[in-house]
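Chain by chain, the residues:
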Amino acid sequence: QLQLVESGGGLVQPGGSLRLSCAASGDILSISNMDWYRQAPGNQRELVASITSGGITNYGDSVMGRFTISRDNAKNAVYLQMNSLKPEDTAVYYCNAPRVLSARGWGDYWGQGTQVTVSA
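On a predicted model such as this, the values are computed, not experimentally measured, just so you know.

Student: Describe the environment of Ala77, naming the residues involved and giving the relevant values.
Tutor: Turning to its location among the elements, Ala77 is positioned in strand β9 (residues 77–82). Among the residues examined, Ala77 registers a relative accessible area of 5% and is labelled buried. Distance from Ala77 to Ile31, taken between C-alpha atoms, is 9.9 Å for residues 46 residues apart in sequence. Ignoring sequence-local partners within four residues, the contact set of Ala77 consists of Cys22, Ala23, Met34, Ser70, Arg71 and Asp72.

Structure follows, in structure tokens:
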């Protein structure tokens, strides 16, 4: 069964850092973009960062210059390095692979989410 599994969330003080990881497993043939989204209570889910299979990145305005997305294609993994964290970064962070080719065809897959809390 194809799935995405995130790790690395937790509680951190303002100004601190966290690194999120997401690994895709299953009968994967290829993955195009890999994205990180977040959703805070009462808010809509928003795109945090995206990376293509070739390494081209895109960031939301609120995280530009503080967060860095990267990926390891050999491991079908994507990472999010989060620096200079602010209380407003508190949210559940989700990994998304919107176009995954497997033996069953193309699919859109989401991780289960990992909580990031920024608080003193």
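Here the narrative resumes.
Student: Explain the state of the cysteines to me, and be specific about the residues and the numbers.
Tutor: In this structure the tally under the stated criterion is one disulfide. Linked covalently through their sulfurs, Cys22 and Cys95 form a disulfide whose S-S length is 2.1 Å. Where Cys22 bonds to Cys95 through sulfur, the torsion about that S-S bond is close to -80°, and the disulfide is left-handed. With Cys22 in strand β3 (residues 18–25) and Cys95 in strand β10 (residues 91–102), this residue pair connects regions lying 73 residues apart in the sequence.

Definitions and limits used
Residues numbered from 1 in each chain as written. Predicted model: local features only at pLDDT ≥ 70, side-chain atom pairs only at ≥ 80, totals over all residues. Heavy atoms only, no water. Helix = DSSP H or I, 4+ residues; strand = E, 2+ residues; numbered from the N terminus. Buried < 20%, exposed > 50% of the residue type's maximum accessible area, 1.4 Å probe, protein only. Contact = heavy atoms within 4.5 Å. Disulfide = S-S within 2.5 Å.

Everything listed here is a matter of geometry and, on its own, says nothing about what the molecule does.
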